[in-house]
Amino acid sequence: MALTTAEVARLAALARVELSDDELATLAPQLDVILDAVAQVREVAGEDVPPMSHALPLTNVFRADEVRPSLPVEAVLAGAPSVEDDRFRVPRILGEEQ
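Reading the values: the criteria
- Sequence order as written defines the numbering, with residues in each chain counted from 1.
- For a predicted model such as this one, the threshold for reporting local features is a pLDDT of at least 70, and the threshold for listing and counting side-chain atom pairs is 80 or more; totals across whole chains, interfaces and linings nevertheless cover every residue.
- Excluding hydrogens and water, the side-chain values take into account all heavy atoms of the structure.
- Secondary structure elements follow DSSP: runs of H or I of four or more residues count as helices, runs of E of two or more count as strands, with numbering from the N terminus.
- Helix span, as expected, comes to 1.5 Å for every residue beyond the first.
- Burial status follows relative accessibility: with a 1.4 Å probe on protein chains alone, a residue under 20% of its type maximum counts as buried, one over 50% as exposed, and anything between as partly exposed.
- Contact definition: two residues touch when any of their heavy atoms are within 4.5 Å.
- In the sections that follow, a salt bridge refers to a side-chain nitrogen of Lys or Arg positioned within 4 Å of a carboxyl oxygen of Asp or Glu.

Describing helix 2 (residues 21-44)
Item 1. End to end, helix 2 covers 35 Å across 24 residues, agreeing with the expected 34 Å (1.5 Å per residue, within 8%).
Item 2. Along helix 2, the residues that are buried comprise Leu24, Ala28 and Asp32.
Item 3. Taken together, the buried residues of helix 2 touch helix 1 (5-14).

Below is the structure:
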């Protein structure tokens, strides 16, 4: 089932993306190819195949936390546009409780 430009336009509107008529005409067949590829993968993957985000297992490499010398507070705050109580002063976020 081929996607129509109207369906692509509806998806674009839901995503709040403005597309020209030329872009809609170009994207419709491209999205069709993507959807067909996903459907093929869905057919091959049986219930015995667990869903995975990557083909190979990933492991993060962490380094040990070490305390190291850093800049003095005065030097860091010297370049700040606004300072309060030895901290950066930033504007209050609207609707945030004190």
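After presenting the structure, the write-up continues.
Examining the pattern of salt bridges
Item 1. Under the counting rule described, the total for this entry stands at two salt bridges.
Item 2. The shortest N-O distance in the salt bridge between glutamate 84 and arginine 89 comes to 2.8 Å.
Item 3. Relative accessible area serves as the criterion here: at 47%, arginine 89 is assigned to the partly exposed category.
Item 4. A salt bridge links aspartate 85 to arginine 87; the shortest N-O distance between them is 3.8 Å. Per residue, the accessibility class of aspartate 85 equals that of arginine 87, and both read exposed.

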